[in-house]
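In case you want the letters, here they are:
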Amino acid sequence: MKKRMKKIISLGVATVMMLSLVACSSSGSGGADKKEDKTTTEKTESGTGKVGVAMPTKDLQRWNQDGENMKKQLEDAGYEVDLQYASNDPATQVSQIENMISGSCKLLVIASIDGDSLGTPLATAEEENIPVISYDRLIMNSSAIKYYATFDNYLVGQKQGEYIVDKLDLENAAGPFNMEIFTGDPGDNNVNFFYGGAMDVLQPYIDSGKLVVQSGQVKKEEVATADWSTEKAQARMDAILSSNYADKKLDVVLCSNDSTALGVTNSLEANYTGEWPIITGQDCDKPNVKNMIAGKQSMSVFKDTRKLAEQTVKMVDAIMDGGEAETNDDKSYDNGTGVIPTYLCDPTVVTLDNYKEMLIDSGYYTEADIK
């Protein structure tokens, strides 16, 4: 009987010890394992997973290059890529981003058409813990934006303004010189930087009367070009020339980008017989480089989209690994919900003097591309 009682007691103690070990495992190391599993679920390994890339349109050459550079570099890094172009239609871009989210994209790279239209899909992305990189154009008023990858767009405008100052020798020449101004789509936040950078340089000369805008159109909303449209820029330039330059010389046209510069050039070719003006641009689109070689466009600010794509892929890798992406400006870009950590790539002025080095020798174009 005593032996039997001892055996029962021993079994009871063993059972209690086993239960105690299970309880410790649940509240101790097992709990840590569970927490680690959660972290792993929220994190995706770099080089794996699906990335959605939303671009505005195929109508402008630069977005085709941005999209293809991004797709190639992401695929080379091991990602599956859903690249979509929205034909400059905000509703289409909303639908595309919604499909990217429902299609299991783990991260989104968005060059927005109209950032204000993206509220619903961006809120969904945030709810589903899908990080969003705002590409080239800062998307405003959304806390879903984790990073911003772009060129220094204020510097783009500043370089255009400085080029005009140097070419007209505004510090020393008596003037006055006649100038007209063309910037881009009013819904594109980058317009604030392009226009602002250029006008910070040129406004003092306008105020002093050394630069004269004969059309009187100087304010940003007056010089905007919807959709960055070549045709709309051309139509506006037609009207300006007929109203103001029948008997006056046009010395310079500040154009924020190449599509507007192309419209201005087309208008001048059809309507202007005076000495050809200085014309600025941005993006080094093929038709504009051809115009530069032909003496019809003076300069273009080169934004090497290969470099921006490379930096964006690095951001994607860091985010997918659960880390922090490299940035070089954590103060300047507040989208209304806070300052967005940003990586800025530097733009370069391209002219007839250096286009071969910058565009041909670098492999961006071939000689045949710009003949």
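To start, this report covers the structure provided alongside it.

Before going further, it helps to spend a moment on the overall build of the chain. In terms of helices and strands, the chain carries 13 helices and 12 strands. Residues counted as buried form 50% of the 371 residues belonging to the chain. Across the chain, every contact between residues at least 6 apart in sequence was considered, and the portion connecting residues at least 24 apart equals 72%. Only carbon and sulfur atoms are counted for the fraction: they give 49% of the accessible area of the chain, which is about 17500 Å².

Turning to the packing of aromatic side chains, a few remarks are in order. All told, the structure shown has five aromatic pairs when counted by the stated rule. Between Phe194 and Trp228, the aromatic rings sit 6.0 Å apart at their centres with planes inclined by 75 degrees, giving edge-to-face as the arrangement. One end of the pair, Phe194, is in helix H7 (residues 190-208); the other, Trp228, is in the loop between helix H8 (220-223) and helix H9 (230-244), with 34 residues separating them in the sequence. With respect to burial, Phe194 and Trp228 carry one shared label: buried. Clustering of aromatic rings is evident, with ring pairs tying together Tyr148, Phe193 and Tyr333. Seen from the ring of Trp63, Arg62 lies directly overhead, with NZ or CZ sitting 4.2 Å from the centre. The aromatic ring of Phe182 is capped on one face by Arg236, whose charged end is 4.2 Å from the ring centroid.

As a further point, take helix H5 (residues 119-127). Those residues of H5 that sit buried are Pro121, Leu122 and Ala125. The buried residues of H5 all sit within an arc of 100 degrees when viewed along its axis, so they share a single face. Opposite the packed face of H5, turned more than 90 degrees from it, sit the exposed residues Thr120 and Glu127. Packing partners of the buried residues in H5 comprise helix H4 (90-102), strand S3 (107-110), strand S4 (132-135) and strand S5 (145-151). Immediately downstream of H5, the backbone of Asn129 shows phi near 55 degrees, a positive value.

Turning our attention to the side chain of Thr225. Within the secondary structure layout, Thr225 lies in the loop between H8 and H9. The exposure class of Thr225 is buried, given its relative accessible area of 3%. Leaving out residues up to four positions away in the same chain, Thr225 has contacts with Phe182, Thr183, Gly184, Asp185, Pro186, Lys232, Ala233 and Thr260.

Definitions and limits used
- Residues numbered from 1 in each chain as written.
- Predicted model: local features only at pLDDT ≥ 70, side-chain atom pairs only at ≥ 80, totals over all residues.
- Heavy atoms only, no water.
- Helix = DSSP H or I, 4+ residues; strand = E, 2+ residues; numbered from the N terminus.
- Buried < 20%, exposed > 50% of the residue type's maximum accessible area, 1.4 Å probe, protein only.
- Contact = heavy atoms within 4.5 Å.
- Areas by Shrake-Rupley, 256 points an atom, 1.4 Å probe, with all protein chains shown as cover.
- Phe/Tyr/Trp six-rings, centres within 6.5 Å; stacked < 30°, edge-to-face > 60°.
- Lys NZ or Arg CZ within 6 Å of the ring centre and 35° of its normal.
- Arc of directions from axis to C-beta.

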